[in-house]
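# Summary of structural features
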Amino acid sequence: MLGGLVVALALIPEAISFSVIAGVDPAIGLFSSFTMAVVIACVGGRPAMISAATGAVALGVAKLIRFVPRAVMVGFVNSLAILVFMAQVPEMRDVPWAVYPLLAGGLALMVFFPKVTKAVPAPLVSIVILTAITVAAGIAVPTVGDKGALPSSVPVPGLPDVPFTLDTLALIAPYALAMAVVGLMESLMTAKLVDEITDTRSQGIANIVTGFFGGMGGCALIGQTMINVKPVVSRIPMAALVAVMVMVCFATFDWHSIAPKTLRRMPAGEITVMVLTVACVVATHNLAVGVVAGSVTAVVIFAKRVAHLANVTAVTDPGGGMVVYSVTGELFFASSNELVGQFDYAGDPDKVVIDLSGAHVRDASSVAALDAVEDKYRQRGKSVEITGLNEHSARLHGTLSGGLLAGH
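Residues numbered from 1 in each chain as written. Predicted model: local features only at pLDDT ≥ 70, side-chain atom pairs only at ≥ 80, totals over all residues. Heavy atoms only, no water.

## Focus: the overall build of the chain
- For the chain, the count of helices and strands is 17 helices and 4 strands.
- By the burial criterion, 38% of the 408 residues in the chain qualify as buried.
- Within the chain, residue pairs in contact and separated by at least 24 positions form 79% of the contacts whose partners lie at least 6 positions apart.
- About 22,600 Å² of surface is accessible on the chain, with carbon and sulfur atoms providing 67% of the total. (Helix = DSSP H or I, 4+ residues; strand = E, 2+ residues; numbered from the N terminus. Buried < 20%, exposed > 50% of the residue type's maximum accessible area, 1.4 Å probe, protein only. Contact = heavy atoms within 4.5 Å. Areas by Shrake-Rupley, 256 points an atom, 1.4 Å probe, with all protein chains shown as cover.)

## Points about the packing of aromatic side chains
- Inspection of every chain in the model, using the stated rule, returns 7 aromatic pairs.
- Summarising the aromatic geometry, the rings of phenylalanine 343 and tyrosine 377 are spaced 6.3 Å apart at their centres and angled 85° between planes, so their arrangement reads as edge-to-face. With phenylalanine 343 in the loop between α15 (336-339) and β3 (351-361) and tyrosine 377 in helix α16 (residues 364-379), the pair connects residues that are 34 residues apart, well separated along the chain. Accessibility classification places phenylalanine 343 together with tyrosine 377 in one group, the buried group.
- Ring centres of tyrosine 345 and tyrosine 377 lie 4.9 Å apart, and the angle between their planes is 55°; this geometry places the pair in the tilted category. A residue pair is termed long-range when its members are at least 10 positions apart, and tyrosine 345 in the loop between α15 and β3 and tyrosine 377 in helix α16 qualify at 32 residues. (Phe/Tyr/Trp six-rings, centres within 6.5 Å; stacked < 30°, edge-to-face > 60°.)

## Some points on the nonpolar core
- Within the largest apolar cluster, 40 residues are counted, with the highest numbers of intra-cluster contacts made by Ile127, Ile236, Leu241 and Leu287.
- For this core, the elements supplying multiple residues, two or more each, are α4 (70-88), α5 (99-116), α6 (122-137), α11 (238-252), α13 (268-284) and α14 (287-306).
- With 11 residues, the single largest contributor to this core is α11.
- By size, the runner-up hydrophobic cluster in this structure holds 22 residues, among which are Val323, Tyr325, Val367 and Val373. (Core = buried A, V, L, I, M, F, W, Y, C linked by side-chain atoms within 4.5 Å.)

## Regarding the packing of α4 against α14
- Running from N to C, α4 and α14 cross one another at 155°; their axes reach a closest spacing of 10 Å. Between α4 and α14, the interaxial angle falls into the category roughly antiparallel. In this structure, α4 meets α14 at a crossing whose hand is right-handed. Counted together, Val72, Phe76, Ser79, Leu80 and Leu83 of α4 and Leu287, Val291, Gly294 and Ser295 of α14 form the full contact between these two elements. (Axes fitted to C-alpha atoms, helices over the stretch in contact; angles between N-to-C directions. Parallel < 35°, antiparallel > 145°, perpendicular 65-115°, else oblique. Left-handed = near helix turned anticlockwise from the far one by under 90°.)

## Considerations on the pairing of strand β4 (residues 383-387)
- Of the two faces of β4, only the one carrying Val384 and Ile386 is buried; Ser383, Glu385 and Thr387 on the other face are not.
- As paired elements, β3 and β4 share 5 bridges and run parallel to each other. In the strand pairing of β4, isoleucine 354 is matched with isoleucine 386.
- Handedness of the β-α-β unit built from β3, α16 and β4 comes out right-handed. (Pairing = 2+ DSSP bridges. Right-handed = clockwise from strand over helix to strand, strands pointing away.)

## A word on the side chain of aspartate 363
- Note that aspartate 363 resides in the loop between β3 and α16.
- No salt bridge forms around the buried aspartate 363; measuring N to O, its nearest opposite-charge neighbour arginine 362 is 8.5 Å away.
- In this structure the side chain of aspartate 363 is engaged in a polar contact, spanning 3.0 Å, whose partner is the side chain of serine 366.
- Setting aside residues up to four positions removed in sequence, aspartate 363 forms contacts with Leu331, Phe332, Phe333 and Leu396. (Lys, Arg positive; Asp, Glu negative; His and termini not counted. Salt bridge = Lys/Arg side-chain N within 4 Å of Asp/Glu carboxyl O. Polar contact = N/O pair within 3.5 Å; in protein donor to acceptor, adjacent residues only side chain to side chain.)

## Description of the pairing of β3
- By the bridge criterion, 9 bridges tie strand β2 (residues 322-331) to β3 in an arrangement that is parallel. Opposite serine 326, over in β3, you have aspartate 355 as the bridge partner.

## Comments concerning the sheet that holds β3
- The mixed open sheet is built from 4 strands, whose spatial order is β1-β2-β3-β4. Where the open sheet ends on each side, the last strands, each with one partner, are β1 (311-316) and β4. In this sheet, adjacent strand axes meet at a mean angle of 20° when their direction is disregarded.
- Each of β2, β3 and β4 is contacted by α16, which is oriented at about 175° to β3, the strand it contacts most.

So, to be careful, I would describe these as geometric facts and stop short of saying anything about function.
Take a look at the structure:
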């Protein structure tokens with residue numbers, strides 16, 4: 001219980017910090033932390049309480065995440081760190097000079113205190129010490145209380161006071177979708193990183209709430225705790241929270257990804273994808289946009305890279321009556337465009353054999369390209385035989401060839 005209480009108190013300043021980043025009242029951040037902890041306790045506080053629906057969603061998205069390149073994942077994490085840091089910059093502008101030594105002191109505490117002991121979270125120690133200094137010395141600096149009123153009671157359930165119409169749905173749907181996509185991707189792509197940053201806060205709070213969730217006393221106790229903590233939290237200097245979030249940024253950013261040794265070894269395409277992901281996120285302040293742009297770019301780079309893996313080699317019969325073209329590699333929309341130009345339609349003998357035993361036909365574009373090759377030879381009165389198709393390629397070619405794709 002003591003460990004859980006320490007973690008819960010450590011969560012309060014971070015919830016307020018993210019409220020400031022989001023531009024909402026600190027009460028919303030605290031309410032969200034409370035309600036999310038209760039939900040986690042109900043549906044995922046213990047392994048036996050995990051619901052099947054949640055598992056199905058995680059499994060489905062996990063399968064899709066396999067197609068997100070690592071460069072995009074790294075760009076996602078780095079851009080997240082950059083966005084959080086950018087949100088701290090306004091708190092360091094046009095502020096009393098005392099903010100800067102407090103900020104430096106907070107960073108120093110979080111760097112060196114864990115070397116002494118890890119029994120108490122360093123961010124909590126930093127916040128407590130900086131708050132005590134500012135209160136005892138009467139230092140006038142921006143505080144959490146300046147950002148908005150803190151809650152004096154627990155949240156109560158209720159429906160949003162908005163019209164339940166299609167217009168409302170159309171207004172909130174894009175934002176809801178973006179938040180859902182980012183939330184799912186962050187959970188799957190940076191789960192381990194988030195666990196390290198948050199010191200598994202969710203599980204600690206969930207276990208406490210689960211223990212008290214059997215009766216109303218639990219909710220009342222949590223509400224009383226929030227009321228008692230309110231005067232103290234409101235006096236926390238913003239410099240302490242900024243220091244906490246700067247450390248979060250430092251821990252989140254993948255410094256190995258920009259090390260000179262890494263950049264020298266990494267392919268240019270991977271670097272391009274990572275930089276583009278970060279640039280799109282920073283420019284739009286939307287993590288989903290960056291991930292989509294990075295993934296699409298990675299697909300284009302991959303397609304361009306493998307498009308040249310399809311090779312065509314010609315072997316002419318000694319008698320001169322037949323030529324055999326051996327095609328190897330992957331045939332798809334990118335590589336098939338160059339396939340048509342690899343044959344000598346005018347100079348080849350009357351019989352042409354295209355051996356595809358070393359190739360794989362992947363899509364309709366490849367079938368259309370093979371049809372085009374056959375048509376060009378037939379226009380010159382020459383016969384074409386396609387051999388060596390594997391089962392999948394033969395089925396696709398048999399289904400789509402023969403003029404079905406003509407004109408497309």
